[in-house]
Amino acid sequence: MRTGWSASQYLQFEDQRNQPIGDLLHRICRLDAASAVDLGCGPGNSTIRVQQAFPNARVVGIDSSPDMIARARADHPDIPFLCQDIRALERRYDPIFSNACLQWVPDHETLLPQLVEHLTDGGVLAAQFPMNQEEPLFQSISQMAEDPKWGFQHHHLAYNGTLAPRAYCNLLLPCCRDVQLWETKYYHRLPSHPALIEWVKGSRLRLYLSCLSPEQQAAFEEELLDRARQDYPLTAGGEVIFHFNRCFLVAVR
């Protein structure tokens with residue numbers, strides 16, 4: 001069984017996933033933009049916000065997932081969406097916006113300077129990507145994946161990673177007039193421990209589930225849930241607090 005990107009799974013936590021989108025757009029909303037692209041647009045929840053931030057710009061969303069693009073086109077028919085590799089840009093844009101996407105694309109040393117080449121003079125690369133490797137839930141996923149009983153050693157898992165923030169400065173300063181970086185930790189209130197599993201099934205966990213049979217998927221999720229119950233005590237209101245650290249980058253060509 002293959003577990004690809006699912007728009008409906010991803011959007012279960014739409015409000016929480018939209019928070020960093022608004023935070024990043026707030027930093028670039030004064031840009032005078034005639035054209036904009038949303039790289040890794042997913043189901044279009046970020047693209048519509050880019051369009052709202054730049055109402056006079058021609059905005060396009062790009063994603064490599066057919067399911068995500070189909071949902072984006074259905075929900076936002078007035079915005080053009082393209083199903084293609086985000087590295088296949090052909091024109092220049094005033095802002096290149098990317099929310100929680102670049103961590104899925106390898107070779108940032110080459111990728112980010114290439115994206116800068118697709119900015120207009122004075123254009124802005126605005127990106128956000130998770131830097132949440134130390135969170136107990138993600139630590140558990142990594143630790144479980146090392147257990148040979150699941151058989152991940154026989155599979156090539158898709159890339160998921162980032163450079164250190166300092167490395168992005170060193171990478172972009174030679175080709176940009178300004179680079180700003182910051183991190184924000186979000187405290188998401190989720191209704192239960194199973195909700196934690198549902199969150200990661202919409203993103204990182206799908207890499208591992210795609211390699212497992214339905215029976216193994218259920219067992220993997222159950223073991224992860226047991227770990228989550230130990231690592232995340234319930235609040236006084238019976239909820240779970242999920243910490244999520246994200247890195248933000250704004251680079252001006």
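Rules behind the numbers
- Residues numbered from 1 in each chain as written.
- Predicted model: local features only at pLDDT ≥ 70, side-chain atom pairs only at ≥ 80, totals over all residues.
- Heavy atoms only, no water.
- Axes fitted to C-alpha atoms, helices over the stretch in contact; angles between N-to-C directions.
- Helix = DSSP H or I, 4+ residues; strand = E, 2+ residues; numbered from the N terminus.
- Parallel < 35°, antiparallel > 145°, perpendicular 65-115°, else oblique.
- Left-handed = near helix turned anticlockwise from the far one by under 90°.
- Contact = heavy atoms within 4.5 Å.
- Nonpolar A, V, L, I, M, F, W, Y, C, P; charged D, E, K, R; others polar.
- Disulfide = S-S within 2.5 Å.
- Buried < 20%, exposed > 50% of the residue type's maximum accessible area, 1.4 Å probe, protein only.
- Pairing = 2+ DSSP bridges.

Where helix α6 (residues 136–145) meets helix α10 (residues 214–231), the axes come as close as 10 Å, and the angle between the chain directions of the two elements is 140°. Relative to α10, the element α6 is oriented oblique. Handedness of the crossing formed by α6 with α10: right-handed. Here α6 contributes Pro136, Leu137, Ser140, Ile141, Gln143 and Met144 to the contact with α10, which in turn contributes Phe220, Glu223, Leu224, Arg227, Ala228 and Asp231. Considering only residue class, the contact of α6 with α10 consists of 7 nonpolar, 2 polar and 3 charged.

Now for the state of the cysteines. Such a bond, covalent and formed between the sulfur atoms of two cysteines, is termed a disulfide. Across all of its chains, the model carries 0 disulfides by this definition. The cysteine cysteine 83 is free of any disulfide, with cysteine 41 supplying the nearest cysteine sulfur at 8.9 Å. Free of any disulfide, cysteine 175 has its nearest neighbouring cysteine sulfur in cysteine 176, separated by 4.1 Å. Judged by its relative accessible area of 29%, cysteine 175 falls in the partly exposed class.

Now for the pairing of strand β7 (residues 240–252). A large share of β7 lies buried, amounting to 11 of its 13 residues. In terms of strand pairing, strand β6 (residues 178–190) meets β7 through 13 bridges, oriented antiparallel. Opposite glutamine 180, over in β7, you have valine 250 as the bridge partner.

Unlike most non-glycine residues, alanine 100 shows phi in positive territory, near 55°. If you trace the backbone, alanine 100 turns up in the loop between β4 (93–99) and α5 (108–117). Even without being glycine, aspartate 107 reaches a positive phi, approximately 60°. You can see aspartate 107 is positioned in the loop between β4 and α5.

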